[in-house]
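This is what each chain is made of:
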Amino acid sequence: MSIRPYRDIQRRQSRRIHVGPVPVGGGAPITVQTMTNTLTTDVAATVAQIQRAEAAGVDIVRVSCPDEESSAALKQIVPQVSVPIVADIHFHYKRAIEAAENGAACLRINPGNIGSASRVRDVVQAAKDHGCSMRIGVNAGSLEKHLLEKYGEPCPEAMVESALDHARILEDNDFFEFKISVKASDVFLAVAAYQGLADACDYPLHLGITEAGAQRVGTVKSSIGMGMLLWSGIGDTIRVSLSAAPEEEVRVGFDILKSLNLRHRGVNVISCPSCARQQFDVISTVQVLEERLAHITTPMTVSVIGCVVNGPGEARETDIGITGGGNGTHMVYIAGQPDHRLKNASVVDHMVELIEKKAADIEAEMAAVAAAE
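In this text the structure is predicted, and so the values were computed from the model without any measurement.

Caption draft 1: The arrangement of the nonpolar core in detail. Counting residues in each nonpolar core, the largest one holds 81 residues, and the members touching the most others are V123, M134, M159, F178, I180, L207 and L230. Here this core takes 8 residues from helix α7 (residues 187-200), the largest share from any one element. Once residues within four sequence positions are removed from consideration, M134 is found in contact with I17, C106, L107, I109, V123, V124, A127, L170, F175, E177, F178 and K179. By size, the runner-up hydrophobic cluster in this structure holds 23 residues, among which are V286, M300, M351 and I362.

This is the structure in structure tokens:
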């Protein structure tokens, strides 16, 4: 029995597949994905972009393969990166076969859109031969004509039916290593479609609010839509779709998961919005702190509160905290307890030093436990 049951999320039980070495579904940690926006044929630029996403913590990266030259480039890209690569395929079954042969760990494809039954069999065989999984990717903006005629418009029922139709094609070919997405730019439509699909099958689900917009608006829409689904236990892997750099999608994805206590990476900064009571400039302090702490991957929580109204209470729940005090002298908390006082001038440098030391201590403890097992 949890001591804080209001924080518990009961995740939907799904079957487990793998994208390369990364497990998806079946209770595995929820993975964070992004997609490159460079020309795939520009190998150097694509690798550099993937490596920036890797530095941000990405688990899986998708790369578009619209032509033969792009799928051929995978042979050079895959050996230079550490994360598994998903090949984004639309309509051209040969691109899927080439991508599997050239090192892709997963194929994003809709089997009903790549031609005859024999072509589907060829793609499935290539996936089996090269250890590829697949993602069925249904999108409200590209539903099949017969479903639009049947339902009159993109709706949750149409999206679920499309997903299950595609799934059935793979099942008929004795292939079950796939996950499914039913994305829409409309938050209501996407959420309802995922809820319906979650009830209709046990395949792992890839969550996303597609074409969500620029960084601020897209973050809000993705947080509302995916946050609601994740809170209800739905979702095994996520991609935040932003008109922004791929590494920014990754950071937002981890922030969503951290907010729901589903995944932890790096420093979670709890800070007040600031007001006339603040005893130091909270906004600029937090901005610089987050920049200076971006390199830390160790999960930990830090509170930065401008005054004593909520500061001590927030600090009790964090690894390290600072609360603003009078005359430019502030209280620093360690493990929830008042520890020492600090003057204005050294706030950021001192906090960074404390946090880096705490991260090193946590890593050492984890290493000692692992060595003892």
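Caption draft 2: Broad picture of the pattern of salt bridges. Per the counting criterion, the structure on display carries 15 salt bridges. In this structure, R52 and E247 form a salt bridge, with 3.6 Å as the shortest nitrogen-oxygen distance. With a gap of 195 residues between them, R52 in helix α1 (residues 43-55) and E247 in helix α9 (residues 246-259) connect regions that are remote in the sequence. By relative accessible area, R52 is classed as partly exposed at 41%. Judged by its relative accessible area of 13%, E247 falls in the buried class. Between K258 and D255 there is a salt bridge; the shortest N-O distance is 3.7 Å. One end of the pair, K258, and the other, D255, are both in helix α9, 3 residues apart, so they sit about a helical turn from each other. When salt bridges with common partners are traced through the structure, they connect R11, R12 and D236 into a single cluster.

Caption draft 3: The arrangement of the sheet that holds strand β15 (residues 337-343) in detail. Judged by pairing direction, the sheet is mixed, and its 5 strands sit side by side in the order β11-β12-β13-β14-β15 without closing on themselves. Only two strands of the sheet have a single partner each, and these edge strands are β11 (267-271) and β15. Neighbour-to-neighbour, the strand axes of this sheet turn through a mean angle of 20 degrees, independent of strand direction. Pairing geometry for β11 and strand β12 (residues 300-305), over 5 bridges, is parallel. Its bridge partner lying in β12, S271 is registered against V304.

Caption draft 4: Structural view of the packing of helix α2 (residues 68-77) against helix α3 (residues 93-101). The geometry of α2 relative to α3 is characterised by a closest axis approach of 8 Å and an angle of 10 degrees between their N-to-C directions. For the element pair α2 / α3, the angle class is roughly parallel. Along the contact surface, α2 presents E68, S71 and L74, while α3 presents R95, E98 and A99. Grouping the constituent residues of the contact of α2 with α3 by class yields 2 nonpolar, 1 polar and 3 charged.

Caption draft 5: The pairing of strand β14 (residues 329-334), seen in detail. Within β14, 5 of the 6 residues are buried, which leaves it mostly tucked inside the rest of the structure. Direction of pairing for strand β13 (residues 320-323) relative to β14: antiparallel, over a ladder of 4 bridges. From the neighbouring strand, T323 faces β14, where its bridge partner is M331. Taken together, the 6 bridges between β14 and β15 define a ladder with antiparallel strand orientation. Within β15, the residue paired with T329 across the bridge is K343. Hairpin connection, β14 to β15: the antiparallel pair is bridged by 2 residues, and A335 has positive phi, about 55 degrees.

Caption draft 6: Inspection of unusual backbone geometry at higher detail. If you check the backbone angles, E211 has positive phi at about 45 degrees while not being a glycine. Phi at A335 takes a positive value of approximately 55 degrees, unusual for a residue other than glycine. Relative to the helices and strands, A335 is located in the loop between β14 and β15.

Caption draft 7: Highlighting the packing of helix α6 (residues 156-172) against α7. At their nearest, the axes of α6 and α7 sit 8 Å apart, and the two run at 45 degrees to each other. Classified by the angle between their axes, α6 and α7 sit oblique to one another. Considering how the two elements wind past one another, α6 and α7 form a crossing that is right-handed. Here α6 contributes P156, M159, V160, A163 and L164 to the contact with α7, which in turn contributes L189, A192, A193, G196, L197 and A200. Looking at the contact of α6 with α7, its residues break down into 10 nonpolar, 1 polar and no charged.

Thresholds, definitions, all that
- Residues numbered from 1 in each chain as written.
- Predicted model: local features only at pLDDT ≥ 70, side-chain atom pairs only at ≥ 80, totals over all residues.
- Heavy atoms only, no water.
- Core = buried A, V, L, I, M, F, W, Y, C linked by side-chain atoms within 4.5 Å.
- Buried < 20%, exposed > 50% of the residue type's maximum accessible area, 1.4 Å probe, protein only.
- Helix = DSSP H or I, 4+ residues; strand = E, 2+ residues; numbered from the N terminus.
- Contact = heavy atoms within 4.5 Å.
- Salt bridge = Lys/Arg side-chain N within 4 Å of Asp/Glu carboxyl O.
- Pairing = 2+ DSSP bridges.
- Axes fitted to C-alpha atoms, helices over the stretch in contact; angles between N-to-C directions.
- Parallel < 35°, antiparallel > 145°, perpendicular 65-115°, else oblique.
- Nonpolar A, V, L, I, M, F, W, Y, C, P; charged D, E, K, R; others polar.
- Left-handed = near helix turned anticlockwise from the far one by under 90°.

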